[in-house]
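The chain contents come next:
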Amino acid sequence: MTERHHRPRAARADGERHPTAGRTVGLGVQHALVMYAGAIAVPLMFGAGAGPDEASVGVLVNADVFVAGVVTLVQSLGVGRLLGARLPVFAESTAQMIAVGEAVERPLTDRALRRGLAADGLSGVLGGAMNSFPDTVFAGNIGLTLMTGVRSRYVTAAGGAAMVLLGTLSKLGELIASLSNPSSMPSR
């Protein structure tokens, strides 16, 4: 019978402390819930102002949530040497990247800023390709990062993955779209 020794996780080159896989997923879902409200706001306001039917607004909601998730994954994990700030950043913004860098004590380098801005451009391209909107800043995750003390970009990546999944649930987009239309509410 061999003995098992629990060894601490090796420190990563980026200096981040990583929560366990289960905690990463749980905290990622928490971040996704904070971001979801911001991601659906623009399609709902557009739907209220432009007057498309609920099904169309539902598609816009799903597309925006999906794009927000993809760009969050890119910002958090990076793609090669080209894209992503590699910080716990949801969606994009120079100011948000700087604020998050300061909050997690990893100042934003010029190189990381360039990668973050390139990912910002990807948001506009994906939003346009999916007939949606470029995603805006969701600073709620800065407060959540400071409040929870969790500074891992893998947590925000898990939140991005949750957003991608939520963006594929067409019935959820339709439900959200129906809630924004007072005429769809049953009368008493």
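Structure: above.
Residues numbered from 1 in each chain as written. Predicted model: local features only at pLDDT ≥ 70, side-chain atom pairs only at ≥ 80, totals over all residues. Heavy atoms only, no water.

Engineer: Would you explain the overall build of the chain in this entry?
Structural biologist: Across its full length, the chain carries 7 helices and 0 strands. Starting at the N terminus and walking to the C terminus, you meet the elements of the chain as α-α-α-α-α-α-α. Counting over 188 residues, the chain shows a buried share of 42%. Across the chain, every contact between residues at least 6 apart in sequence was considered, and the portion connecting residues at least 24 apart equals 73%. (Helix = DSSP H or I, 4+ residues; strand = E, 2+ residues; numbered from the N terminus. Buried < 20%, exposed > 50% of the residue type's maximum accessible area, 1.4 Å probe, protein only. Contact = heavy atoms within 4.5 Å.)

Engineer: Quick question: what am I supposed to make of the nonpolar core here?
Structural biologist: Side chains of a nonpolar character, in soluble globular proteins, are inclined to be buried together. Tyr 36, Ile 40, Leu 44, Val 61, Val 65, Met 163 and Ile 176 are the most contacted members of the largest nonpolar core, which totals 14 residues. Residue assignment for this core shows that the elements contributing at least two residues are helix H1 (21-50), helix H2 (54-77), helix H6 (153-167) and helix H7 (170-179). Top element by residues in this core is H1. It accounts for 6 residues. Non-local contacts of Ile 176, meaning those with residues more than four positions away in its chain, are made with Tyr 36, Ile 40, Leu 44 and Val 61. Within the second largest apolar cluster, 7 residues are counted, among which are Ala 85, Leu 87, Val 89 and Val 104. (Core = buried A, V, L, I, M, F, W, Y, C linked by side-chain atoms within 4.5 Å.)

Engineer: Got a minute to help me understand helix H5 (residues 140-148) in this structure?
Structural biologist: Each full turn of the α-helix corresponds to 3.6 residues, which orients residues three or four apart in the same direction. Among all positions of H5, only Asn 141, Ile 142, Leu 144 and Thr 145 are buried. The arc enclosing the buried residues of H5, seen along the axis, measures out at 165 degrees, which places them on a common side. Turned more than 90 degrees off the buried face of H5, the exposed positions are Leu 146 and Met 147. On its buried face, H5 is in contact with H1, helix H3 (94-103) and H6. Immediately beyond the C-terminal end of H5, within one or two residues, lies Gly 149, with a positive phi of roughly 80 degrees. (Arc of directions from axis to C-beta.)

Engineer: What's the story with unusual backbone geometry in this structure? I'm lost.
Structural biologist: Of note in this structure, Glu 105 is not a glycine but carries a positive phi near 60 degrees. Mapped onto the secondary structure, Glu 105 falls in the loop between H3 and helix H4 (110-129). The phi angle at Asn 131 is positive, at roughly 55 degrees, despite the residue not being glycine. The residue Asn 131 is located in the loop between H4 and H5 in this model.

Engineer: Is there a simple way to think about the side chain of Asn 62 in this case?
Structural biologist: Of note, Asn 62 is situated in helix H2. Within the local environment of Asn 62, its side chain forms a polar contact with the backbone oxygen of Leu 169, the two atoms lying 3.1 Å apart. With residues near it in sequence (within four places) discarded, Asn 62 still touches Leu 166, Gly 167, Leu 169, Ser 170, Leu 172 and Gly 173. (Polar contact = N/O pair within 3.5 Å; in protein donor to acceptor, adjacent residues only side chain to side chain.)

Engineer: Can you walk me through the pattern of salt bridges in this structure?
Structural biologist: Side-chain pairs of opposite charge can arise where the charged atoms are in close proximity. What the rule picks out here adds up to 2 salt bridges. We note a salt bridge from Arg 151 to Glu 105, for which the minimum N-O separation is 3.7 Å. Linking Arg 151 in the loop between H5 and H6 with Glu 105 in the loop between H3 and H4, this pair joins segments that are 46 residues apart in sequence. The exposed category is assigned to Glu 105, whose relative accessible area is 62%. The salt bridge partner of Glu 174 is Lys 171, with a shortest N-O separation of 3.9 Å. One end of the pair is Glu 174 and the other is Lys 171, both in helix H7 and 3 residues apart, which spans about a single turn. (Salt bridge = Lys/Arg side-chain N within 4 Å of Asp/Glu carboxyl O.)

Engineer: Even after reading the chapter, I still don't get the packing of H1 against H5, so can you show me in this structure?
Structural biologist: The axes of two packed helices give the description: the angle between them and the distance between them. Relative to each other, H1 and H5 sit at 145 degrees, their axes nearing to 9 Å. In terms of crossing hand, the pair formed by H1 and H5 is right-handed. Only Gly 140, Asn 141, Leu 144, Thr 145 and Thr 148 of H5 make contact with H1, whose side of the interface consists of Gln 30, His 31 and Val 34. Residue composition of the contact of H1 with H5, grouped by class: 2 nonpolar, 6 polar and no charged. (Axes fitted to C-alpha atoms, helices over the stretch in contact; angles between N-to-C directions. Left-handed = near helix turned anticlockwise from the far one by under 90°. Nonpolar A, V, L, I, M, F, W, Y, C, P; charged D, E, K, R; others polar.)

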